[in-house]
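Understanding the architecture of this molecule
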Amino acid sequence: MSLAELICPAGTPAALRTAVDAGADAVYCGFQDATNARNFPGLNFTPDELAEAVAYAHAKGTKVLLALNTYPPAGQVDLWRHAADLGARYGVDAFIVADMGVADYIARSHPQVRLHLSVQAAASSPEAIRYYCENFGARRVVLPRILTIPEIRQIRTEIPCEIETFIFGNHGLMVEGRCSLTNYLTGQSTNMDGVCSPASDVEYARHEDGSMSSRLGEFTIDRFGPDEKAGYPTICKGRYAAPNRPEGYYAFEEPISLNLSRLLPELIDAGVHAFKIEGRQRSKSYVRNVVKAFRAAVDDIRAGREANIADLVALTEGQKQTQGAFETKKWR
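Residues numbered from 1 in each chain as written. Predicted model: local features only at pLDDT ≥ 70, side-chain atom pairs only at ≥ 80, totals over all residues. Heavy atoms only, no water.

1. Quick look at the packing of aromatic side chains
Think of a pair of aromatic rings as described by two things: how far the centres are apart, and how the planes are tilted against each other in angle. Under the counting rule described, the total for this entry stands at five aromatic pairs. Between Tyr131 and Tyr132 the ring centres are 6.2 Å apart and the planes differ by 85°, which places this aromatic pair in the edge-to-face class. Aromatic rings pair up to connect Tyr131, Tyr132 and Phe136 into one cluster. Taking the ring centre of Phe166 as reference, the NZ or CZ of Arg145 above it sits at 3.7 Å. (Phe/Tyr/Trp six-rings, centres within 6.5 Å; stacked < 30°, edge-to-face > 60°. Lys NZ or Arg CZ within 6 Å of the ring centre and 35° of its normal.)

See below:
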């Protein structure tokens, strides 16, 4: 595959068609169950929808990557095996996998389909990445968002597979694949149920002074002033009171989005093969605008021109953006 492949989110069949038509090189999606890490009501694909989506994407030269990026509970692996069998039957171009058992099943049962190592595998060292390559034939690794360009450049020299990095969207702060915060509060696991801050546990309350509080289960995550935009109650981006901070503060990081549009040439030079846009839970409008902007930027870079990407801050979380680990690490 060529450098600077553009990997785009497809949370629904309509979003998939939008991403394909906007110029995605590949789209990633998942089934309507716990096999993928965006297992929310109203999102994802039935088997029939996936079959139709693969046909639509392939007719326009776009690849389809199927996310099987959660961890099966003990004794319940059949759901993940069945999902892999369906994906192979419908002709997906790659599986995005975190669990070693799922990777092993795919390597043995469907060796003709590429295997990509999910960011949920939390493999950030050359030794860990090589293990998946040597034992399961992984062809690509999606690196965690916490690595810098020098770190990516060094890893590239020590591994035998392609590198994919996130360039826009949710700024993950925890170690992907190992976060247990939402499980602690709600009993639902990001890693095994595919649900971070499940909608069924989310509540908003309006107060007499015009402010609004957001809750997850029995816990208040944040309180917003009358003129503040209320964010989705994700624990690691909540605002909390503490004995020495009674006014409330962001204990980990404020709601903010990753935007590496200005670093695309440096990432390519470091050996990144594919750029990933996050947002399977976002609207068709979001998908269309972000994909079109990055499509134009990548095409400019491929042609040797300076990328002139539009300002995407309006599409970021809380209307704020960061370069994350690629600038001073500010989170705690």
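Still to come is the rest of the account.
2. Topic: the sheet that holds strand S8 (residues 202-206)
Strand order in the open sheet made by the three strands is S8-S9-S10, with antiparallel pairing throughout. The open sheet is flanked by S8 and strand S10 (219-224), the only strands paired with a single partner. Going across the sheet, the axis of each strand differs from the next one's by a mean of 20°, ignoring polarity. (Pairing = 2+ DSSP bridges. Helix = DSSP H or I, 4+ residues; strand = E, 2+ residues; numbered from the N terminus. Axes fitted to C-alpha atoms, helices over the stretch in contact; angles between N-to-C directions.)

3. What to know about the nonpolar core
In terms of nonpolar packing, the biggest core is built from 78 residues, with Leu50, Phe95, Ile129, Ile167, Leu267, Phe275 and Ile277 touching the most fellow members. The greatest single-element share of this core, amounting to eight residues, is contributed by helix H9 (residues 284-302). Residues in contact with Ile129, not counting those within four places in the same chain, are Ala123, Val141, Leu143, Ile155, Ile159 and Cys161. With seven residues, the next largest nonpolar core counts Tyr28, Leu65, Ala94 and Ile96 among its residues. (Core = buried A, V, L, I, M, F, W, Y, C linked by side-chain atoms within 4.5 Å. Buried < 20%, exposed > 50% of the residue type's maximum accessible area, 1.4 Å probe, protein only. Contact = heavy atoms within 4.5 Å.)

4. What about a positive patch on the surface?
Together, Arg17, Lys284, Arg288 and Lys292 give the surface a local cluster of positive charge. A per-element tally of the positive patch places H9 first, with three residues. By the element assignment, Arg17 lies in helix H1 (residues 13-22). (Patch = residues over 30% accessible without salt bridge, like charges linked within 9 Å, V, L, I, M, F, W, Y side chains within 5 Å. Areas by Shrake-Rupley, 256 points an atom, 1.4 Å probe, with all protein chains shown as cover. Salt bridge = Lys/Arg side-chain N within 4 Å of Asp/Glu carboxyl O. Lys, Arg positive; Asp, Glu negative; His and termini not counted. Charge placed at Lys NZ, Arg CZ, Asp CG, Glu CD.)

5. Notes on the pairing of S8
One ladder, built from five bridges, connects S8 with strand S9 (residues 212-216); its direction is antiparallel. Within S9, the residue paired with Ala205 across the bridge is Ser213. What sits between S8 and S9 in their antiparallel hairpin is a turn of five residues, with Gly210 showing a positive phi close to 90°.

6. Overview of the pattern of salt bridges
Enumeration according to the criterion identifies 17 salt bridges in this entry. The closest approach of N and O atoms between Glu5 and Lys63, which form a salt bridge, is 3.5 Å. Of this pair, Glu5 sits in strand S1 (residues 5-9) while Lys63 sits in strand S3 (residues 63-68), and the two are 58 residues apart along the sequence. For Lys63, a relative accessible area of 26% translates into the label partly exposed. Its salt-bridge partner being Arg153, residue Asp269 comes within 3.1 Å of it at the nearest N-O pair. Within this pair, whereas Asp269 is found in helix H8 (residues 264-269), its partner Arg153 is found in helix H6 (residues 149-156), the two being separated by 116 residues in sequence.

7. A few points about helix H3 (residues 78-90)
For H3, which comprises 13 residues, the first-to-last C-alpha distance of 18 Å matches the rise-based estimate of 18 Å (1.5 Å per residue) to within 8%. Listed in full, the buried residues belonging to H3 are Trp80, Ala83, Ala84, Leu86, Gly87, Ala88 and Tyr90. The positive-phi residue at the C-terminal boundary of H3 is Gly91, with phi of around 90°. (Expected span 1.5 Å × (residues − 1).)

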